[in-house]
Amino acid sequence: MAAPSLPDAPRWTALLRGWREHPGPLHGRLQAQLRAAIERGELAPAERLPAERPLAALLGVSRATVVTAYEELTAGGWLTRRVGSGTRVSGGAPRAAPLLTLRTPVAEGAAPDLDFTIAVPLLTDAQRDQLRRASQHAFVESVYHPHGLPDLRALLAELYTRDGLPTRPEQVVVTSGAQQAIALSAATLLRRGDVTLLETPTYFGAIDVMRAAGAELVGVPVEGHGLQADTFMRLAAAHAPRLAFLTPTFQNPTGQVLPARARERLAAFLHDRALPTLEDDTLLDLGFTDEPPPPRMSVYAPQAPIINVGSLSKLYWAGLRVGWMRLPPMLAAPLAQAKTLADFGGSLMAQHAALHLLADLPGLRRARREAVTPARDLLAGLLRAELPEWHFEVPRGGQFLWVQLPTPDASRFTHHAAGHGLRLFPGASMGVSPLPDRYLRLPFTLDPARLPEAAARLKAAWVSFQSRGGQGGLA
């Protein structure tokens, strides 16, 4: 008999991510994770928990494991259980300030042996030396630069202008990574109840930011060569969004590249509708072919309210928290003010390093391409050999394989794979609107020397999962 499905599986997958990492028996580990969620405010008083059987199926454990965890939490005053009402968080449980269950898979404590949830470039010894040399000039600075180091802003403006988007240094604001740029934009431009239009699937960090701002999220499906311009325009006309978020180049997670004609039509529409839009360029420099992607959307409509977001985290190193916004004139003042209020300016050492590195942007692109392309091809070849029933297309750029599994229970598989030392990210968690639970996002940024082992573990986990009826086994 097929296992019952769990409504809102992406939320519960995120909430219970890493639950097996607690010590003790399985029911005790689940109990600890649920108790921590209540203490953090991710589960509110009177909120209903899943029924035992669907939750057991999601986690790959026996129903008895969930029942025992629920009963012990009930005995401790954390839950209440009543026939007809189900299992709920007790009104007497500790009440914390409400907290979102984040899709963003950033975990505390030790990571599992092989982590496929986050894509970060590997830093070589040569790059470490390069960073030390690049940051040495930071020690002469003794002032705040709320909008960023002036020389860095000037260089970024020059790079945008070179790419066909005339930009003044005053239009550039340096941020602590691209995530801060997205968060500042949402906090400045959105009010609770406003509609935000995003691709689906899309970057989980953007989903979390828009949810935290209290926005209503509307998804535009990504199909073929990216989202369809006609669909975007139709949904924008129907929902009157106050903000949009798009990744036209090497879209996260699908790797799709939006064609030039679609970019041109969307840019004209955004200009005519005066719709503020975040154009996420963080993966733009990660191409694997000699054919460059089409120009940014903003190039086609320089006066449109398009905020271009960039970062060094994916091109060079995630520990170098330097991102930036290229602001259209009508949005420059409020977003620059928001940055000033946020932190008075980012790390000068990191910005001096970025200034030094970006002076040779072609060299950065070449080095990243030479490092990542072999890893991409190795992982793709291993998956095709070991797991031929898994389907994907090799992208022209970016850092992910968007893999379709022959199961409607990819979220369950991620929990099962944890028992094999693998941390995986279910594609359904990247859906703005519900996605089929058939996808995994697999980055090819792990150490290439470890990819054969990773593929072997994926195969072992998959064979074990399938042998137990696709439910991850009972415990």
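Presented here is an overview of the structure given in this document. (Residues numbered from 1 in each chain as written. Predicted model: local features only at pLDDT ≥ 70, side-chain atom pairs only at ≥ 80, totals over all residues. Heavy atoms only, no water.)

Concerning helix H4 (residues 63–75)
Alright, step 1. Between its terminal C-alpha atoms H4 stretches 18 Å, which fits the 18 Å expected from 13 residues at 1.5 Å a residue.
Alright, step 2. Residues Thr65, Val66, Val67, Ala69, Tyr70 and Leu73 constitute the buried set of H4.
Alright, step 3. For H4, the elements touching its buried residues are helix H2 (26–40), helix H3 (52–59), strand S1 (79–82) and strand S2 (86–89). (Helix = DSSP H or I, 4+ residues; strand = E, 2+ residues; numbered from the N terminus. Expected span 1.5 Å × (residues − 1). Buried < 20%, exposed > 50% of the residue type's maximum accessible area, 1.4 Å probe, protein only. Contact = heavy atoms within 4.5 Å.)

Focus on the pattern of salt bridges
Alright, step 1. A full pass over the atoms with the stated rule returns 23 salt bridges.
Alright, step 2. Among the ionic contacts, a cluster of salt bridges with common partners joins Glu21, Asp115 and Arg423. (Salt bridge = Lys/Arg side-chain N within 4 Å of Asp/Glu carboxyl O.)

Let's talk about the packing of helix H7 (residues 177–189) against helix H8 (residues 204–212)
Alright, step 1. Between H7 and H8, whose axes approach to 9 Å, the crossing angle comes to 25°. Considering their axes alone, H7 and H8 lie roughly parallel with respect to each other. Where H7 crosses over H8, the two elements pack in a sense that is right-handed. The segment H7 lies against H8, with Gln179, Ile182, Ala183 and Ala186 engaging Gly205, Ala206, Val209 and Met210. (Axes fitted to C-alpha atoms, helices over the stretch in contact; angles between N-to-C directions. Parallel < 35°, antiparallel > 145°, perpendicular 65-115°, else oblique. Left-handed = near helix turned anticlockwise from the far one by under 90°.)

Brief notes about the sheet that holds strand S10 (residues 306–311)
Alright, step 1. Strand order in this open sheet of eight strands is S4-S11-S10-S9-S8-S5-S6-S7, and the pairing throughout is mixed. Two strands close off the open sheet at either side, each with one partner strand: strand S4 (172–175) and strand S7 (226–227).
Alright, step 2. In the packing of helix H9 (residues 229–239) onto the sheet, contacts are made with strand S5 (195–200), strand S6 (216–223), S7 and strand S8 (243–246), and the angle to S6 comes to roughly 165°. (Pairing = 2+ DSSP bridges.)

A short note on the side chain of Thr101
Alright, step 1. Along the chain, the position of Thr101 falls in the loop between S2 and strand S3 (114–115).
Alright, step 2. Excluding its chain neighbours within four sequence positions, the residues that come into contact with Thr101 are Arg11, Ala14, Leu15, Glu42, Asp208 and Arg211.

With respect to the pairing of strand S9 (residues 277–280)
Working note: regular strand, side chains alternate between the two faces of the sheet.
Alright, step 1. Of the two faces of S9, the one carrying Thr277 and Glu279 and the one carrying Leu278 and Asp280 are both buried.
Alright, step 2. Here S8 pairs with S9 via three bridges, running parallel. Opposite Leu246, over in S9, you have Glu279 as the bridge partner.
Alright, step 3. The parallel pair S8 and S9, bridged by helix H10 (residues 260–273), forms a crossover whose chirality is right-handed.
Alright, step 4. Inspection of the sheet shows S9 paired to S10 by four bridges, in the parallel sense. Within S10, the residue paired with Glu279 across the bridge is Asn308. (Right-handed = clockwise from strand over helix to strand, strands pointing away.)

Remarks on helix H6 (residues 150–162)
Alright, step 1. When the terminal C-alpha atoms of H6 are compared, their 18 Å separation across 13 residues agrees well with the 18 Å that a helix rising 1.5 Å per residue should span.
Alright, step 2. Those residues of H6 lying buried are Leu152, Arg153, Leu155, Leu156, Ala157, Leu159 and Tyr160.
Alright, step 3. As for H6, its buried residues are in contact with S4, S10, strand S11 (323–326), helix H13 (348–358) and helix H14 (361–386).
Alright, step 4. Trailing H6 by a residue or two, Gly164 shows a phi angle of about 95°, which is positive.

Focus: the environment of Gly226
Alright, step 1. For Gly226, the location among the structural elements is in strand S7.
Alright, step 2. Overall, the relative accessible area of 6% leaves Gly226 in the buried class.
Alright, step 3. With 229 residues separating them along the chain, Gly226 and Ala455 place their C-alpha atoms 28 Å apart.
Alright, step 4. For Gly226, the contacting residues outside a window of four places in its chain are Gln256 and Leu258.

Thoughts on the pairing of S1
Alright, step 1. Note that S1 and S2 share four bridges and pair antiparallel. What sits directly across from Thr80, in S2, is Arg88.

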